[in-house]
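Here is how the chains run, residue by residue.
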Amino acid sequence: MASVAFLGLGVMGYPMAGHLVHKGKHKVAVYNRTQAKAEKWTAEHGGIFAPTPAAAARGKEFVMACVGNDDDLRSVTLGSDGAFATMERGSVFVDHTTASAEVARELAEEAKKRGIGFVDAPVSGGQAGAENGVLTVMCGGEKADFDKAGPVIDSYARMVGLMGPAGAGQLTKMINQICIAGLVQGLAEGIHFGKKAGLDIEAVIDVISKGAAGSWQMENRYKTMNEGKYDFGFAVDWMRKDLGICLAEADRNGAKLPVTALVDQFYKEVQQIGGNRWDTSSLLARLER
Ligand SMILES: NC(=O)c1ccc[n+]([C@@H]2O[C@H](COP(=O)([O-])OP(=O)(O)OC[C@H]3O[C@@H](n4cnc5c(N)ncnc54)[C@H](OP(=O)(O)O)[C@@H]3O)[C@@H](O)[C@H]2O)c1
């Protein structure tokens, strides 16, 4: 049993922090910018909520965070109200935000100056993965910090891996998003084509999902895509943030990502038709307009 603070009770963080209590049996304090969510969380799970990241982090062995982007992450770690201000030497900060590799390296360095460990640990598995405690977690950092934090992360994960030094978790998540982008566009085009051809999409997917075209996206998204339902899941706004991070990193390391860049523009068009919060499978809605 460890003392843990969790910062950011959003779609992902809220259930993740709950698993720390119920599965991990840890002693948990939470912080959320909008305090009403923290009050709701403590009413449901026990523990305490704090008014600032610094107050939540004080005296904790581990501080986990899951906020929006690089700047949000800086705002909960740095400064007088940030978690780093009160974390003690030997404690470990674990960041589950999907952010850049650069911010991970920057914060790992800041943490090191204070004797704090830092692990960048973005997740895959979506809202359902967080609620069911079966996320895939890709980590970057020093092995000693990873070894300490791993058993705590296990509270909401099915797969946890150390991919390399600080930033390597975020780089791995970028590969995850690059692989998803082209695949979802392919799935959208396949369903679009099938409808135009007058085929029964249910029957088509039933057959081809068992062959080489099968994928997590096909299994989990074809039904809602076929019905034109997108009001759930992983938001297009988040995907564009992630693809922006991938494309910026590719500019730095020289990787060529032509399809990823194109699909990013397709998502921009989905935003223009009002799909900011739609699931990423809404690439089909763009084709059907
Ligand atoms: N949703 C998914 O399926 C999914 C899957 C994998 C990875 N991710 C990644 O996980 C992260 C969180 O996603 P989510 O879906 O949980 O987002 P979300 O529901 O929008 O929650 C974001 C959380 O961050 C907090 N926050 C944002 N900016 C902040 C700031 N400047 N200072 C303090 N707190 C701040 C928000 O507080 P308030 O309540 O006050 O707004 C909220 O608790 C993102 O990086 C996302 O890309 C999401």
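Keep in mind the model is a prediction, meaning the values are calculated, not measured.

Contact pair helix H8 (residues 168-196) / helix H11 (residues 236-253): the axes reach a minimum separation of 9 Å and the direction vectors enclose 115°. One element, H8, and the other, H11, form an angle in the roughly perpendicular class. Crossing hand, H8 versus H11: left-handed. Residue-level contacts link Leu-171, Lys-173, Met-174, Gln-177, Ile-178, Ile-180 and Ala-181 of H8 to Met-239, Asp-242, Leu-243, Ile-245, Cys-246 and Glu-249 of H11.

So, about the site of the ligand. Around the ligand sit 25 residues, and of these Asn-32, Thr-34, Lys-37, Gly-68 and Lys-241 come closest. Taking Thr-98, its main chain carries an N or O atom lying 3.1 Å from an oxygen atom of the ligand. At 3.4 Å from an oxygen atom of the ligand is found a side-chain nitrogen or oxygen belonging to Trp-238. For the ligand, whose accessible area on its own is 900 Å², the fraction buried by protein is 89%. Partitioned by chemical class, the residues of the shell around the ligand number nine nonpolar, 10 polar and six charged. Two domains each donate at least three residues to the shell around the ligand, and these are domain 1 (3-165) and domain 2 (171-287).

To continue, consider the pattern of salt bridges. Tallying each qualifying case throughout the model produces 17 salt bridges. Across the pair Lys-113 and Glu-110 runs a salt bridge whose closest N-O atoms are separated by 3.0 Å. Here Glu-110 and Lys-113 lie together in helix H5 (residues 101-113), a separation of three residues that amounts to about one turn. The residue Arg-114 makes a salt bridge to Glu-110 at a minimum N-O spacing of 2.8 Å. By relative accessible area, Arg-114 is classed as partly exposed at 33%. Since its relative accessible area comes to 22%, Glu-110 is described here as partly exposed. Bridged by salt links that share partners, the residues Asp-71, Arg-74 and Glu-106 form one connected network.

Topologically, Gln-217 is positioned in helix H10 (residues 216-227). When residues no more than four places from it in sequence are discounted, the contact partners of Gln-217 are Ile-180, Leu-183, Val-184, Leu-187 and Tyr-222.

Take the domain arrangement of the protein chain next. Domain boundaries in the protein chain define domain 1 (3-165) and domain 2 (171-287). Taking only C-alpha atoms, the centre of domain 1 and the centre of domain 2 are 28 Å apart. Taken together, the contact between domain 1 and domain 2 spans 13 residues of the former and 11 residues of the latter. Roughly 1,000 Å² of surface becomes buried between domain 1 and domain 2 when both sides are summed, with 60% attributable to carbon and sulfur atoms. At the surface where domain 1 touches domain 2, the tally comes to one salt bridge. Among the ionic pairs, Arg-252 bridges to Glu-102, the shortest N-O distance being 3.4 Å. Where domain 1 touches domain 2, the interface holds four residue pairs in polar contact (both at pLDDT 80 or more). Among the elements of the structure, H5 and strand S7 (123-124) are those that each provide at least two residues to the side of domain 1 that touches domain 2.

Moving on: the pairing of strand S8 (residues 135-140). Within a regular beta strand, the side chains point alternately toward one face of the sheet and then the other, so they alternate between its two faces. Along S8, five of the six residues are buried, which leaves the element largely enclosed by surrounding structure. In the sheet, S7 pairs with S8 via two bridges, with the strands oriented antiparallel. When the sheet's bridge partners are listed, Val-123 is paired in S8 with Val-137. For the crossover that starts at S8, traverses helix H7 (residues 143-153) and ends in the parallel strand S9 (residues 157-164), the hand is right-handed.

Time to look at the side chain of Thr-77. Note that Thr-77 resides in helix H4 (residues 70-77). Residue Thr-77 is classed as buried on the basis of its relative accessible area of 0%. A polar contact is formed between the side chain of Thr-77 and the backbone oxygen of Arg-74, at a distance of 3.2 Å.

What counts and what doesn't
Residues numbered from 1 in each chain as written. Predicted model: local features only at pLDDT ≥ 70, side-chain atom pairs only at ≥ 80, totals over all residues. Heavy atoms only, no water. Axes fitted to C-alpha atoms, helices over the stretch in contact; angles between N-to-C directions. Helix = DSSP H or I, 4+ residues; strand = E, 2+ residues; numbered from the N terminus. Parallel < 35°, antiparallel > 145°, perpendicular 65-115°, else oblique. Left-handed = near helix turned anticlockwise from the far one by under 90°. Contact = heavy atoms within 4.5 Å. Near = heavy atom within 4 Å. Polar contact = N/O pair within 3.5 Å; in protein donor to acceptor, adjacent residues only side chain to side chain. Areas by Shrake-Rupley, 256 points an atom, 1.4 Å probe, with all protein chains shown as cover. Nonpolar A, V, L, I, M, F, W, Y, C, P; charged D, E, K, R; others polar. Domains from an automatic or database assignment. Salt bridge = Lys/Arg side-chain N within 4 Å of Asp/Glu carboxyl O. Buried < 20%, exposed > 50% of the residue type's maximum accessible area, 1.4 Å probe, protein only. Buried area = accessible area lost by both parts, 1.4 Å probe. Pairing = 2+ DSSP bridges. Right-handed = clockwise from strand over helix to strand, strands pointing away.

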